[in-house]
Amino acid sequence: MFYRGSFNKLLSWQSQLAKLSWWQTGLTVVIDKSLKQNLYEQVADRFGELINKGTLQPGDRLPSIRKLHQQLSVSISTISEAYRLLEDRGLITARPQSG
């Protein structure tokens, strides 16, 4: 990649990576949109890593589907599928209408 001005650099960065940080925990999740792996699998894998490392503890809240979709610039269905995958893996449990 070569430099063609700040606007093109910004567009390139946005198309390659999406980044999320939570103010309350300082956690960062990065997904790479150029990979062949599905985006929902990337999101689920990143959260799985945080859970397995102990960074996220039992009882910690995950971001809402809408908030995460906005911050990562992916669709709501991508985040919903990622959370479903985490639930299927037994890493999270859903509490309907808990926020």
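Okay, so let's go over this structure. (Residues numbered from 1 in each chain as written. Predicted model: local features only at pLDDT ≥ 70, side-chain atom pairs only at ≥ 80, totals over all residues. Heavy atoms only, no water.)

## Some words on the overall build of the protein chain
Reasoning step 1: Of the regular secondary structure elements, the protein chain holds four helices and two strands.
Reasoning step 2: In the protein chain, the succession of helices and strands from N to C terminus is α-β-β-α-α-α.
Reasoning step 3: Across the 99 residues of the protein chain, 26% fall into the buried class.
Reasoning step 4: Looking at the protein chain alone, contacts between residues at least 24 apart form 43% of all its contacts between residues at least 6 apart. (Helix = DSSP H or I, 4+ residues; strand = E, 2+ residues; numbered from the N terminus. Buried < 20%, exposed > 50% of the residue type's maximum accessible area, 1.4 Å probe, protein only. Contact = heavy atoms within 4.5 Å.)

## Concerning helix H2 (residues 39-52)
Reasoning step 1: Over its 14 residues, H2 runs 20 Å from end to end, which matches the ideal 20 Å to within 8%, given 1.5 Å per residue.
Reasoning step 2: Looking at H2, one finds that the buried residues are Gln42, Val43, Ala44, Phe47, Gly48, Leu50 and Ile51.
Reasoning step 3: Buried residues along H2 sit against strand E2 (28-32), helix H3 (65-72) and helix H4 (76-88).
Reasoning step 4: Within two residues after H2, Gly54 carries a phi angle of roughly 90°, on the positive side. (Expected span 1.5 Å × (residues − 1).)

## Some details on the packing of H3 against H4
Reasoning step 1: Running from N to C, H3 and H4 cross one another at 120°; their axes reach a closest spacing of 9 Å. Taken together, the axis directions place H3 and H4 in an arrangement best described as oblique. For the crossing formed where H3 meets H4, the hand is right-handed. Listed contacts from H4 to Ile65, Arg66, Leu68, His69 and Leu72 of H3 are Ile76, Ile79, Ser80 and Tyr83.
Reasoning step 2: Residue classes in the contact of H3 with H4 are distributed as six nonpolar, two polar and one charged. (Axes fitted to C-alpha atoms, helices over the stretch in contact; angles between N-to-C directions. Parallel < 35°, antiparallel > 145°, perpendicular 65-115°, else oblique. Left-handed = near helix turned anticlockwise from the far one by under 90°. Nonpolar A, V, L, I, M, F, W, Y, C, P; charged D, E, K, R; others polar.)

## Section: the nonpolar core
Reasoning step 1: Judged by nonpolar contacts, the single largest core of 17 residues is most densely connected at Val43, Phe47, Leu68, Leu72, Ile79, Tyr83 and Leu86.
Reasoning step 2: Every element with two or more residues in this core is listed here: E2, H2, H3 and H4. (Core = buried A, V, L, I, M, F, W, Y, C linked by side-chain atoms within 4.5 Å.)

## What about the side chain of Gln42?
Reasoning step 1: The topology assignment puts Gln42 in helix H2.
Reasoning step 2: Of the polar contacts made by the side chain of Gln42, one reaches the backbone nitrogen of Asp32; its length is 2.8 Å.
Reasoning step 3: Those residues in contact with Gln42 that sit more than four places away from it in its chain are Ile31, Asp32, Leu35 and Gln37. (Polar contact = N/O pair within 3.5 Å; in protein donor to acceptor, adjacent residues only side chain to side chain.)

## What to know about the pattern of salt bridges
A side chain with one charge may pair with a side chain of the opposite charge, provided their charged atoms come close.
Reasoning step 1: Scanning all chains against the criterion turns up three salt bridges.
Reasoning step 2: One salt bridge connects Arg46 with Glu49, and the closest N-O pair in it is separated by 4.0 Å. Of the two residues, Arg46 and Glu49 are both situated in helix H2; the distance of three residues between them amounts to about one turn of the helix. (Salt bridge = Lys/Arg side-chain N within 4 Å of Asp/Glu carboxyl O.)

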